[in-house]
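A look at the structure
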Amino acid sequence: MPSALSPSAWLRGSRRPSWLSDPKVLRTEVLGGLVVALALIPEAISFSVIAGVDPAVGLFASFTMAVTIALVGGRPAMISAATGAVALVIAPLNREHGFGYLVTAVILAGVFQIVLGALGVAKLMRFVPRSVMVGFVNSLAILIFMAQVPEMTDVPWPVYPLIAAGLAMMVFFPKLTTVVPAPLVSIVILTVITVAAGIAVPTVGDKGDLPSSLPVPGLPDVPFTLDTLTTVAPFAFAMALVGLMESLMTAKLVDDITDTRSSKTRESVGQGVANIVTGFFGGMGGCAMIGQTMINVRVSGARTRLSTFLAGAFLMVLCIVFGPVVSDIPMAALVAVMVMVSVATFDWHSIAPRTLRRMPLGETVVMLVTVVCVVATHNLAIGVVVGSIAAMVVFARRVARLAEVTAVTDPDGAAVVYRVTGELFFASSNELVGQFSYGTDPDRVVIDLSAAHIWDASSVAALDAVETKYAQRGKTVEIVGLNEPSARMHKTLSGELAGG
């Protein structure tokens, strides 16, 4: 596992960051971090409400998660902070047992994530097929848009032209220059307009009070007993799994966007370290934030850890130093940014008629199943799991059809040779028993498996059943052509699978 850079090495070590030598990269990273910080504030406050905690708890979590993951995480430019998925998992614990138990769960979840990362859970990502990944991206875009809908309903009418103006600026401003991120320009201009004109619209300040000081470390206020551990552990483990899945999926998405690779094992361990740090600072924990990551990577063009670090640092500076100014930012400006992110995130090519005509039906079904599950549950982890299971079923059905049995009878009629081709596993072997003519075949039967492979016990049991049916008719069966792994499995299990 790659070792994490120390803070000093991170700034000046052997792997010199590109932003130290390229002013253009530095400007991109700084401005990207600022835009993300502005977008994080209302999100963190909203997630605090979901978890049932003070808004400062979510803001502190976003600060500590971003700063820590920038130093120890595996995916540069990815943003980790307080998230809705984590808030949903730990909200019942906070509601039933109190804030001390929530913080304990965050720390324990971090420990679980470090252990899972060390055990190589990140390697499971290779089993997530492309159709699930496309569904993940599309459902993410839908969720980002749906999260903005409450900010566009039952609001004063000036909100709508402000949102339209923000979208227009983000579309056309990059045609003039890309020196400054269009979302930042949009936020600043719309804030100036609403304040100068005295337009009464919902603002960031309406979401909750911003913190006025930095968080301080401390131990959770709970009894350190076995009863506390058994109460907290299920919530912590669920949080660890949800957080890892969202973080690893986001890292994979950013890998694809940037054409770079990242260490998923280091990311898993880094998420755990970040949650432990966050818990000791009284935060609600979190994981990778897909929407803010898309702002940072796709919209702002950031590519290094500096933007992640600065997103957390700017978040606290904005809250503590510029709190009154930030409170005046109209929500319409941030809604416009997130709507643009949702449009840019959605894979429009995946639903184009030309693509749908060429894509195998099973692949499209898996993508739709993933989207429906995520949108219905508002949980990206559930959608990925269900989508992956659906993909496995589709794959199994497709491969099962490739197994074929053909018979060739000797000219003298003394024997028949059955040639089996394809992959033999539970889905294909179930129909294997019915492919033989037990009553009319000659006394000697040869089953040639040189073009087949035995994958599981179901296949061995099916071959045993074939031999049994022939034996009941006084006929002998000879199985030939097994490759070494298949022969080993057949020798080990044959005759041992019949019920006693």
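Residues numbered from 1 in each chain as written. Predicted model: local features only at pLDDT ≥ 70, side-chain atom pairs only at ≥ 80, totals over all residues. Heavy atoms only, no water.

Moving on: the nonpolar core. Ranked by size, the top nonpolar core spans 105 residues in total, and within it Ile-41, Leu-59, Phe-136, Met-284, Ile-295 and Leu-315 carry the most contacts. Top element by residues in this core is helix H3 (residues 23-51). It accounts for 12 residues. Membership of the second largest hydrophobic core comes to 19 residues, among which are Tyr-438, Val-460, Ala-462 and Val-466. (Core = buried A, V, L, I, M, F, W, Y, C linked by side-chain atoms within 4.5 Å. Buried < 20%, exposed > 50% of the residue type's maximum accessible area, 1.4 Å probe, protein only. Helix = DSSP H or I, 4+ residues; strand = E, 2+ residues; numbered from the N terminus.)

Our next topic: the layout of surface pockets. As a volume, the largest pocket reaches approximately 790 Å³. Lining the largest pocket are 31 residues, and of these Glu-43, Phe-47, Gly-84, Leu-143 and Ala-147 sit closest to its centre. Secondary-structure elements contributing two or more residues to the lining of the largest pocket are H3, helix H5 (84-97), helix H7 (130-148), helix H12 (290-299) and helix H15 (331-345). Residue classes in the lining of the largest pocket are distributed as 19 nonpolar, eight polar and four charged. Taken as a whole, the second largest pocket encloses approximately 420 Å³ of empty space. Around the second largest pocket, the lining is made up of 18 residues, and of these Leu-124, Val-128, Met-245, Val-384 and Val-385 lie nearest the centre. Residue assignment for the lining of the second largest pocket shows that the elements contributing at least two residues are helix H10 (226-258) and helix H18 (380-400). Of the residues forming the lining of the second largest pocket, the biggest block, seven residues, is contributed by H18. When the residues that make up the lining of the second largest pocket are grouped by side-chain class, the tally is 16 nonpolar, two polar and no charged. (1 Å grid on protein atoms, 1.4 Å probe; cavity = no way out; pocket = protein on both sides within 12 Å on 5 of 7 lines; lining within 4 Å. Points joined across faces, edges and corners; volume = space filled by probe spheres on them. Nonpolar A, V, L, I, M, F, W, Y, C, P; charged D, E, K, R; others polar.)

Next up on the list: the environment of Val-366. Among the secondary structure elements, Val-366 is positioned in helix H17 (residues 361-377). Residue classification places Val-366 among the buried positions, given a relative accessible area of 2%. Each C-alpha atom, one on Val-366 and one on Gly-205, is 42 Å from the other, the two residues being 161 residues apart in sequence. For Val-366, the contacting residues outside a window of four places in its chain are Ser-131, Val-132, Gly-387, Ala-390, Ala-391 and Val-394. (Contact = heavy atoms within 4.5 Å.)

The subject of this paragraph is empty space enclosed by the protein. All chains considered together, the criterion is met by two cavities of 30 Å³ or more. Around the largest cavity sit Glu-151, Val-155, Val-159, Ile-163, Pro-202, Met-331, Ala-332 and Val-335, which together line it. Those elements giving two or more residues to the lining of the largest cavity turn out to be helix H8 (159-176) and H15. Among the elements that line the lining of the largest cavity, the one with the most residues is H15, at three residues. Residues of the lining of the largest cavity, tallied by class, amount to seven nonpolar, no polar and one charged. Taken as a whole, the second largest cavity spans an internal volume of roughly 30 Å³.

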